[in-house]
Amino acid sequence: MTTRYTTLDTLDPAVGPLLLVGEDSTTARGGLALASVSMTGQKNAAVIRPGWVEDEAAFAEVTAQLRAYLAGTATGFDLEFTPGGTDFQRRVWAALEQLPYGSTTSYGALAERAGIPRAAVRALGAAIGANPLLVVRPCHRVLGADGSLTGYAGGLERKRLLLALEAAHTTA
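Worth saying up front: this structure is predicted, and the values here are computed from it rather than measured. (Residues numbered from 1 in each chain as written. Predicted model: local features only at pLDDT ≥ 70, side-chain atom pairs only at ≥ 80, totals over all residues. Heavy atoms only, no water.)

Draft legend 1. Structural detail: the overall build of the protein chain. Of regular secondary structure, the protein chain possesses 5 helices and 6 strands. In the protein chain, the succession of helices and strands from N to C terminus is β-β-β-β-α-α-β-α-α-β-α. Taken over the C-alpha trace, the protein chain has a radius of gyration of 16 Å; the compact-globule value for 172 residues is 16 Å, and the two agree within 12%. By its C-alpha atoms, the protein chain is 45 × 35 × 30 Å across when sized along the principal axes. By the burial criterion, 45% of the 172 residues in the protein chain qualify as buried. One finds the centroid of the 15 positive side-chain charges in the protein chain at a distance of 9 Å from the centroid of its 16 negative side-chain charges. (Helix = DSSP H or I, 4+ residues; strand = E, 2+ residues; numbered from the N terminus. Rg over C-alpha atoms; globule rule 2.2 N^0.38 Å. Buried < 20%, exposed > 50% of the residue type's maximum accessible area, 1.4 Å probe, protein only. Lys, Arg positive; Asp, Glu negative; His and termini not counted. Charge placed at Lys NZ, Arg CZ, Asp CG, Glu CD.)

Okay, structure coming up:
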């Protein structure tokens, strides 16, 4: 399996460039399953490894969908992801993927949605922090119980920006 990567210039200095990583897939549109979307300076960001192939063209579908999202003309993504994470992480990530565009939720409410006991909210937070698909898997929509901005691997300013982008393009 070939791992491919490219850097997407978002044209937005607040977001900055995104490192996209994917693997060849016979079932994904465009032939590539997305493995990671990382921001400059992000905690636990992907790092280009020896043997990875730089291939901007392979990410045409991913890039088009990310640009549409950042322009406010798309509210979601229709992409295949590589399998990854533990069973617990995948459960949390599946709950994240169900959060509607323009909405927010708390860690406790997300735990309930995922069928995870409130006592495991710290583990849920760690699973959210391990999300390799920033922006695409919307962990930026999770807030503290009091509605405050809390942890985001890409930084709180980027979290604020993504929430503001969605709010500006959400119709009542």
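Now that the structure has been shown, we can carry on.
Draft legend 2. Representation of the nonpolar core within the structure. The biggest cluster of nonpolar side chains holds 40 residues, and the ones touching the most others in it are Leu110 and Ile128. Counting only elements with at least two residues in this core, the list comes to strand E2 (18-24), strand E3 (32-39), helix H1 (60-70), helix H2 (87-97), helix H3 (107-113), helix H4 (121-129) and helix H5 (156-168). (Core = buried A, V, L, I, M, F, W, Y, C linked by side-chain atoms within 4.5 Å.)

Draft legend 3. Representation of the pattern of salt bridges in the model. Tallied over the full model, the rule gives 8 salt bridges. A salt bridge links aspartate 55 to arginine 4; the nearest nitrogen and oxygen atoms lie 3.1 Å apart. Of the two residues, aspartate 55 is situated in the loop between strand E4 (53-54) and H1 and arginine 4 in strand E1 (residues 3-8); the sequence distance between them amounts to 51 residues. Residue arginine 4 is classed as buried on the basis of its relative accessible area of 17%. Through salt bridges with shared partners, a single ionic network connects Arg4, Asp24 and Asp55. (Salt bridge = Lys/Arg side-chain N within 4 Å of Asp/Glu carboxyl O.)

Draft legend 4. Main features of the packing of aromatic side chains. Going through the model one piece at a time under the given rule, you end up with 3 aromatic pairs. Pairing tyrosine 69 with tyrosine 101 gives two aromatic rings, centres 6.1 Å apart and planes at 85°, and the pair type is edge-to-face. With tyrosine 69 in helix H1 and tyrosine 101 in the loop between H2 and strand E5 (105-106), this residue pair connects regions lying 32 residues apart in the sequence. Using a relative accessible area of 1% as the deciding quantity, one classes tyrosine 69 as buried. Taken together, the ring pairs in this structure connect Tyr69, Phe77 and Tyr101 into an aromatic cluster. (Phe/Tyr/Trp six-rings, centres within 6.5 Å; stacked < 30°, edge-to-face > 60°.)

Draft legend 5. Spatial organisation of the pairing of E1. Of all 6 residues in E1, 5 are buried; the element is thus mostly enclosed. As paired strands, E1 and E4 are joined by 2 bridges and run parallel to one another. When the sheet's bridge partners are listed, arginine 4 is paired in E4 with valine 53. (Pairing = 2+ DSSP bridges.)

Draft legend 6. Examining the side chain of arginine 4 more closely. At 2.6 Å, the side chain of arginine 4 forms a polar contact with the side chain of aspartate 24. Setting aside residues up to four positions removed in sequence, arginine 4 forms contacts with Leu20, Val21, Gly22, Asp24, Leu32, Val53, Asp55, Ala58 and Phe59. (Polar contact = N/O pair within 3.5 Å; in protein donor to acceptor, adjacent residues only side chain to side chain. Contact = heavy atoms within 4.5 Å.)

Draft legend 7. A look at the sheet that holds E2. In space, the 4 strands of this open sheet follow the order E3-E2-E1-E4, with mixed pairing throughout. Across the chains shown, the open sheet's two edge strands, defined by having one partner strand only, are E3 and E4. Contacts between H1 and the sheet are confined to E1, E2 and E3, with E2 contributing the most and set at about 145° to the helix. (Axes fitted to C-alpha atoms, helices over the stretch in contact; angles between N-to-C directions.)

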